[in-house]
Each structure stands twice: as C-alpha cells, then as structure tokens.
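# What the coordinates show
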Amino acid sequence: MSVDKSGERVRRMFGEIAGRYDLLNHLLSCNVDKYWRWYTVRKVRPQGSSPILDVCTGTGDLAFAWRRKSEADVVAADFCHPMLVVGNRKLSNLSGSLPSEGRAGEGGAFRDMSASNRDGLLFVEADAQELPFPSDTFQIVSVAFGLRNISDTDRGLRELKRVCQPGGHVAVLEFSMPTCYPLKAVYGWYFRNVLPKVGQLLARNKQQAYNYLPESVGEFPQGEQLADRMRTAGLSGVRYYSLTLGIATLYVGKK
Ligand SMILES: C[S@@+](CC[C@H](N)C(=O)[O-])C[C@H]1O[C@@H](n2cnc3c(N)ncnc32)[C@H](O)[C@@H]1O
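What you see is a predicted model, and the numbers here were worked out from it, not measured in a lab.

## Description of the pattern of salt bridges
Scanning the entire structure with this criterion turns up 11 salt bridges. Close ionic contact of Arg 162 with Glu 159 constitutes a salt bridge, the shortest N to O distance being 2.9 Å. Placement of the pair is Arg 162 and Glu 159 together in helix H6 (residues 153-163), with a separation of three residues, close to one helical turn. Glu 159 gets classed as buried once you look at its relative accessible area, which sits at 11%. One salt bridge connects Arg 231 with Glu 224, and the closest N-O pair in it is separated by 2.9 Å. By relative accessible area, which is 40% here, Glu 224 ends up partly exposed. A network of salt bridges, in which partner residues are shared, links Asp 22, Asp 61 and Lys 90.

Below, the structure written as structure tokens:
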C-alpha cells in the first residue's frame with residue numbers, strides 16, 4: 001500500500017513536530033544535514049539580484065543558507081503554518097546578521113508582500129503545487145527533503161519549473177538509499193528500525209512522522225529515475241550528485 005501523502009495529513013504531521021523539527025533533524029543526521037545544504041548553495045551558485053525561492057522550506061534552513069550566500073532576496077514557502085512560525089522566529093533572532101541589512105525594505109523584489117520580509121528573506125504560506133508567484137520569476141528554485149512529501153510529484157516539479165526564470169536552475173535535495181554493500185544493509189537497518197523509534201520517542205507526534213520517513217523514502221524515485229522525472233517536467237541538463245555515501249542526493253536541472 002502506498003504512503004498517505006494527502007496535503008491534510010502531511011500538514012498536520014509537520015505541524016505536530018514543528019517545535020522539535022530542527023533539533024531532531026540535526027540530531028538524527030549528526031549535523032550532516034547542514035553540510036548537505038552548504039553543498040547545495042555552493043554547487044548551484046546564485047548570480048545577480050534576481051530572487052531565489054525555496055519551497056517546502058519548513059523552518060527555512062536552506063532559505064537561510066541561500067540568503068547567507070547571496071545578495072538576492074529569498075522567498076521561503078511552505079504550506080504548514082507552525083513550521084513557518086518557527087522559521088520566522090529564527091529570522092527575528094538572526095535579524096541584522098544576514099548580508100545587506102535592510103535591503104528588502106529599500107527595494108528588495110518582494111518588499112510589498114509581507115511585513116515579515118526582513119533582511120531580504122520572506123516566509124510565505126503556499127502549496128508547492130500551486131505557487132502564488134508569476135512564471136519566470138526566480139533565478140533558483142530549490143526544495144530540500146520536501147519533493148518526496150508533495151502529493152503529486154510531477155505537478156510539483158512542473159510548478160517549480162514554471163516559476164523559475166529561463167536559464168535558471170531547479171535544485172532538489174532529497175534522501176536516497178546507499179547502493180553499495182555493506183553500507184546499504186547497515187544504513188537500511190538503521191533507517192527502518194532505529195531512526196523511526198528515536199524520532200518518534202523525541203517528537204511524540206500522533207501522525208507517526210518518523211515511521212513515515214523511511215516509508216516515503218523507500219517508495220520515492222532516486223538517481224536516474226528522479227532525474228528522468230525532472231526532464232519530463234521540462235528541465236534540461238539534469239545532473240545529480242551523491243552525498244555522504246549516497247544517503248542524500250542533490251539533483252540540478254536548468255530551465
Ligand atoms: C522534511 S520537511 C523539509 C523542511 C526543510 N526544507 C528542510 O530541509 O529541513 C518537509 C516540508 O515540506 C512541506 N510540504 C510538504 N508538502 C508540501 C506542499 N505541497 N506545499 C508546501 N509545503 C509542503 C512540509 O510542510 C514540511 O515543512
């Protein structure tokens with residue numbers, strides 16, 4: 001039976017763990033998730049001042065990484081309100097430490113959209129399958145550990161491509177399963193047996209977020225299969241980079 005990825009279930013599940021999401025993320029990955037985002041913003045280099053969009057942003061860690069790396073405005077979108085509340089709190093704490101303080105207020109691309117556009121970073125509540133942005137807007141559109149959660153993967157990919165500027169890049173960072181033995185067996189065992197129990201114990205949520213994780217990763221396309229789905233969505237020159245022995249993969253395509 002396939003995993004239930006209905007918007008309502010996914011939104012509720014992340015809503016329940018929002019307050020502990022960052023802690024669990026860093027703990028369960030031994031902080032390697034920070035390296036994966038660091039790698040992403042170096043591999044897909046922002047250029048110029050056109051805005052960057054990070055969808056399924058959660059508490060915004062990749063959006064913050066883009067903002068630290070470039071002078072461009074960054075929009076961080078997610079459909080789970082409690083995750084955005086945590087993200088906005090982090091933004092308030094960081095206020096002033098991001099590049100070009102006050103830039104958004106002086107003429108950043110999205111200054112009129114919300115009062116919470118501080119330091120060139122704006123959190124927006126939006127479904128990745130129906131983004132409230134005009135076509136051809138962003139120089140980079142990214143999604144980290146989120147595409148797998150979108151109920152219709154292909155519709156999500158088409159939407160990411162739509163809002164990307166011609167010549168711009170769509171970057172997908174996603175979990176994958178190592179393919180080489182014995183790591184495949186050891187990691188598979190950890191991922192299916194240890195991680196869900198520890199995650200569930202610490203998160204204590206009803207929607208079983210940490211059982212959902214290995215289930216959703218297990219049935220999600222990876223490697224060439226996901227690259228093909230990106231090509232079908234209309235992206236070209238799709239490449240992918242295996243990270244940390246294949247535990248995560250970064251996919252990059254051009255519009
Ligand atoms: C595993 S978290 C990833 C958060 C963040 N990108 C990171 O790297 O930690 C997945 C996020 O995707 C969001 N999400 C899932 N489906 C979505 C959709 N259709 N539209 C917008 N956000 C969605 C969830 O609310 C959740 O915050």
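From this point, things continue past the structure.
## Re the sheet that holds strand E5 (residues 164-175)
Within the open sheet, the seven strands sit side by side as E3-E2-E1-E4-E5-E7-E6. Their pairing is mixed. Either end of the sheet is taken by a strand with one partner, and the two such strands are strand E3 (121-125) and strand E6 (236-243). Taken over all neighbouring pairs, the strand axes of this sheet differ in orientation by 15 degrees on average, direction set aside. Sheet topology places strand E4 (residues 138-144) next to E5; six bridges connect them, and they run parallel. Following the sheet pairing, Ile 140 is matched in E5 by His 169. Sheet contacts for H6: strand E1 (52-55), E4 and E5; angle to E5, the most-contacted strand, approximately 145 degrees.

## Re the packing of helix H1 (residues 7-28) against helix H8 (residues 209-218)
At a minimum axis distance of 10 Å, the contact between H1 and H8 shows a crossing angle of 85 degrees. Between H1 and H8, the interaxial angle falls into the category roughly perpendicular. Residue-level inspection shows Arg 9, Val 10, Met 13, Ile 17, Leu 24 and Leu 28 of H1 in contact with H8, the latter providing Ala 209, Tyr 210 and Tyr 212. By residue class, the composition of the contact of H1 with H8 is eight nonpolar, no polar and one charged.

## Here we look at the packing of aromatic side chains
Within this structure, the stated rule accounts for 13 aromatic pairs. Plain terms: the ring middles of Trp 36 and Phe 145 are 5.8 Å apart, the flat faces sit at 50 degrees to each other, and that makes the pair tilted. Of this pair, Trp 36 sits in helix H2 (residues 32-43) while Phe 145 sits in the loop between E4 and H6, and the two are 109 residues apart along the sequence. Per residue, the accessibility class of Trp 36 equals that of Phe 145, and both read buried. Taken together, the aromatic side chains of Trp 36, Phe 145, Phe 175, Tyr 187, Tyr 190 and Phe 191 make up a single cluster linked through ring pairs. A cation over an aromatic ring shows up here: Arg 11 above the ring of Phe 79, its NZ or CZ 4.4 Å from the ring centre.

What counts, and where the lines are drawn
Residues numbered from 1 in each chain as written. Predicted model: local features only at pLDDT ≥ 70, side-chain atom pairs only at ≥ 80, totals over all residues. Heavy atoms only, no water. Salt bridge = Lys/Arg side-chain N within 4 Å of Asp/Glu carboxyl O. Helix = DSSP H or I, 4+ residues; strand = E, 2+ residues; numbered from the N terminus. Buried < 20%, exposed > 50% of the residue type's maximum accessible area, 1.4 Å probe, protein only. Pairing = 2+ DSSP bridges. Axes fitted to C-alpha atoms, helices over the stretch in contact; angles between N-to-C directions. Contact = heavy atoms within 4.5 Å. Parallel < 35°, antiparallel > 145°, perpendicular 65-115°, else oblique. Nonpolar A, V, L, I, M, F, W, Y, C, P; charged D, E, K, R; others polar. Phe/Tyr/Trp six-rings, centres within 6.5 Å; stacked < 30°, edge-to-face > 60°. Lys NZ or Arg CZ within 6 Å of the ring centre and 35° of its normal.

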